[in-house]
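Fold and contact review
Each chain, written out:
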Amino acid sequence: MDFKQAKENSEKNYNTLINKCWEDEAFKQELIDNPVQAIEKLSGKPFDTKGKKILVTDQTNSDTIHINIPVNPNDLELTEEQLEAVAGGGRDGMVGVEITWSLICVLW
């Protein structure tokens, strides 16, 4: 899968997750409580986090400001496939964020 396809798949899966949360309060709570199980149920496929922890927070309360500090791209250890995708033209400053999210969403 090339970088463009991975990004498109990641965006599609992210939108699917968010829309499901907006439509189904029970699913949103399940995603917060047990993200892997919720993602597997939604996708119909096993979900391997590759040993990574998934933290889901509900940011729908407009009285709260959420700040997400992404991984520093200088601290990433990339696979050969990820290195190839980055070399093929990731966006400056967004490579780490896109790759990290892709690790979560591309494979389901």
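The preceding data block contains the structure.
Residues numbered from 1 in each chain as written. Predicted model: local features only at pLDDT ≥ 70, side-chain atom pairs only at ≥ 80, totals over all residues. Heavy atoms only, no water.

Right, let's get into the overall build of the chain. Along the chain, the regular secondary structure elements total five helices and zero strands. Reading the chain from its N end, one meets helices and strands in the order α-α-α-α-α. Residues classed as buried in the chain amount to 26% of the 108 residues present. A separation of at least 24 residues holds for 53% of the contacts in the chain among residues at least 6 apart in sequence. When the accessible surface of the chain is split by element, carbon and sulfur atoms take 52% of a total near 7900 Å². (Helix = DSSP H or I, 4+ residues; strand = E, 2+ residues; numbered from the N terminus. Buried < 20%, exposed > 50% of the residue type's maximum accessible area, 1.4 Å probe, protein only. Contact = heavy atoms within 4.5 Å. Areas by Shrake-Rupley, 256 points an atom, 1.4 Å probe, with all protein chains shown as cover.)

Despite not being glycine, K50 has its phi angle at roughly 55°, a positive value. In this fold, K50 is placed in the loop between α3 (35-43) and α4 (80-87). Owing to a relative accessible area of 54%, K50 belongs among the exposed residues under this scheme.

Bringing the packing of helix α1 (residues 3-23) against helix α2 (residues 25-33) into the picture now. As a packed pair, α1 and α2 sit with axes 5 Å apart at the nearest point and diverge in direction by 125°. Considered as vectors, α1 and α2 are oriented oblique to each other. Contacts between α1 and α2 involve L17, K20, C21 and E23 on the former and, on the latter, E25, F27, K28 and L31. Among the residues forming the contact of α1 with α2, the class breakdown is four nonpolar, no polar and four charged. (Axes fitted to C-alpha atoms, helices over the stretch in contact; angles between N-to-C directions. Parallel < 35°, antiparallel > 145°, perpendicular 65-115°, else oblique. Nonpolar A, V, L, I, M, F, W, Y, C, P; charged D, E, K, R; others polar.)

The next thing to look at is the nonpolar core. Among the nonpolar cores identified, the biggest contains seven residues, and these are L17, C21, F27, L31, A38, I39 and F47. Counting only elements with at least two residues in this core, the list comes to α1, α2 and α3. (Core = buried A, V, L, I, M, F, W, Y, C linked by side-chain atoms within 4.5 Å.)

Let us now look at the packing of aromatic side chains. Inspection of the entire model under this criterion finds zero aromatic pairs. Positioned over the ring face of F27 is K20, at 5.9 Å from the centre of the ring. (Phe/Tyr/Trp six-rings, centres within 6.5 Å; stacked < 30°, edge-to-face > 60°. Lys NZ or Arg CZ within 6 Å of the ring centre and 35° of its normal.)

Honestly, that's just the spatial picture; any functional story needs more than this.
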